[in-house]
Amino acid sequence: MKRNQNRFAQGFFLGVVSMLIVLGCIFAGMFIAQRENRNKTITGKTERKLEELKSLIDYYYLDPVKMEDLESGVYKGLLSGLNDPYSVYYTKEEYQEMLEDTTGNYVGIGVLISQDAETGVITIVRCFEGSPAKEVGIMDGDVLYKVEDKEVTGEPVDKVVARIKGGKKDKIHLTVYRGKTSEYKDFDVERRNVSVPTVEAKMLDKEKGIGYVQIIQFDEVTFNQFRDAMEALKSQGMKAVVFDVRDNPGGMYDTVCKILDQILPTGTIVYTEDKNGKREEMFSDANSLDMPIIVLQNKNSASASEIFAGAIQDFGAGQIVGGQSFGKGIVQQFFPLRDGSAIKLTIQKYFTPKGVNIHGKGITPDIEIEDDAATAADEPLDKAVRIINGESDSEETTAEQAVQNDKNNEEVTTGEAGKTGEQSTSGKNSSSSKKEIKKKKGSKKKKSKTKKK
């Protein structure tokens, strides 16, 4: 009897232990499942809601719907949920267009556009020489009002660019508003391969050795074009240089660092930090440009342009003249996906050599002066020339007069036919995973996005 009681007690104890183990496994599984469910982007609740929305669209929506368009909208919406205008989803076609622009082979009309983030107004910042847009009479400063008779104010600039570059027709109908004459003008513009240099250079004054280099954007081809331009100007006796990055929306991180390495002495050009505090630095060697330097910037000088101006300013290698720059101090990287699409994510902040992150603030010029649109003169460039010549503002010599005094002045333009680039990407990590590095006047910020089409 006692033996049976012992067996019963042992069995009861083992049963309780077994039950506790089973219950523990069940609760652990539920806990893990709940935690995994919380970490999942597409939860059961989300799936059910998407199905409900899809059913309503199928039953009620007026026009035919393509499933791939709805799927793309879901992916774009996921990225837009970050509330970061620089983190974007690209379809396969959009990503291919981005790669074409970056390598310099693209079809378009040859303009650079900028969108005011507050008003949605899209402005043609630059109409390139020899481009289809230039040929028909489109001008810098024209406001892009309609594309194929549809108003584009407030539309995402990427979609506007895609509409202008894409399409089956050889020509695109545009309506612009010209503020100088307060009139709307219509143009039929041919789409074709566009050859646009990213660097333009000339001697402002051969007698005094003042050179001028305009960097339109920082693309894959820009470094070679910059190097060729500098060699050409030096061969003409350049002893001082004005670098112009006004309206330059930025571009490739590696490119701007390679150019700065040609200009600055030994030191840190720029450094980045990710969300974990991991720091990456870019350095220049001892080889530097030993001559007076002025950098011109304005409210549309962004991203890589600000790395350029900020490094020269922090090194004390030159003076910054113009207006407050745009204020984009963050870095993006492209991540290609298996189906050919891609996303672009903000992954780092960048800092000037003195440790300043200018995001939302911009680079403050050493000498603030704005270009007066009401005059034919280029006031910031004139000021740069006076600084180099050691003249006071009361003296009369201007950049325009310097050019007129030099009858033998010849413009040096670098670039290869068919090569240009997209201003907002960089290839720091690899050719397939590219980084984009991408306003403020007084205390008021006005942000804009700039695109080439």
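Residues numbered from 1 in each chain as written. Predicted model: local features only at pLDDT ≥ 70, side-chain atom pairs only at ≥ 80, totals over all residues. Heavy atoms only, no water.

Caption draft 1: Spatial organisation of a nonpolar patch on the surface. Together, Leu 50, Leu 53, Leu 56, Tyr 59, Tyr 60, Val 74 and Tyr 75 make up an exposed nonpolar region whose accessible area comes to about 740 Å². Breaking the nonpolar patch down by element, the ones donating at least two residues are helix 2 (44-60) and helix 3 (67-80). The element that contributes the greatest number of residues to the nonpolar patch is helix 2, accounting for five residues. Inspection of the secondary structure assignment puts Tyr 59 in helix 2. On the basis of relative accessible area, Tyr 59 is assigned to the exposed category, the value being 65%. (Patch = residues over 30% accessible without salt bridge, like charges linked within 9 Å, V, L, I, M, F, W, Y side chains within 5 Å. Areas by Shrake-Rupley, 256 points an atom, 1.4 Å probe, with all protein chains shown as cover. Salt bridge = Lys/Arg side-chain N within 4 Å of Asp/Glu carboxyl O. Helix = DSSP H or I, 4+ residues; strand = E, 2+ residues; numbered from the N terminus. Buried < 20%, exposed > 50% of the residue type's maximum accessible area, 1.4 Å probe, protein only.)

Caption draft 2: Summary view of the nonpolar core. Counting residues in each nonpolar core, the largest one holds 39 residues, and the members touching the most others are Val 213, Phe 226, Phe 243, Leu 260, Ile 263, Val 295 and Phe 308. Counting only elements with at least two residues in this core, the list comes to strand 10 (199-205), strand 11 (210-215), helix 7 (222-235), strand 12 (240-244), helix 8 (253-263), strand 13 (267-273), strand 15 (293-297) and helix 9 (304-315). Those residues in contact with Phe 243 that lie beyond four places of it in its chain are Val 213, Phe 226, Met 230, Ile 263, Leu 289, Ile 293, Ile 294, Val 295, Leu 296 and Phe 308. Formed by 20 residues, the second largest nonpolar core is a distinct cluster that contains Ile 109, Val 157, Val 160 and Ile 164. (Core = buried A, V, L, I, M, F, W, Y, C linked by side-chain atoms within 4.5 Å. Contact = heavy atoms within 4.5 Å.)

Caption draft 3: Structural view of the environment of Asp 371. Mapped onto the secondary structure, Asp 371 falls in the loop between strand 19 (367-368) and helix 10 (379-389). By relative accessible area, Asp 371 is classed as partly exposed at 42%. In this structure, the C-alpha to C-alpha distance between Asp 371 and Leu 381, residues ten residues apart in sequence, is 8.8 Å. In this view, Asp 371 contacts Ala 377, Asp 378, Glu 379 and Pro 380; residues no more than four positions away in its chain are not counted.

Caption draft 4: Region of the structure containing the pattern of salt bridges. Under the definition given, this model contains 13 salt bridges. In this structure, the salt-bridge partner of Lys 54 is Asp 58, at a minimum N-O distance of 2.7 Å. A residue pair is termed a helical-turn pair when its members lie 3 or 4 positions apart in one helix, as Lys 54 and Asp 58 do in helix 2 at four residues. Residue classification places Lys 54 among the partly exposed positions, given a relative accessible area of 24%. A relative accessible area of 51% places Asp 58 in the exposed class. One salt bridge in this structure joins Arg 163 and Glu 155, with 2.6 Å as the shortest N-O distance. In the salt-bridge network here, residues are joined through shared partners; they are Glu 135, Glu 190 and Arg 192.

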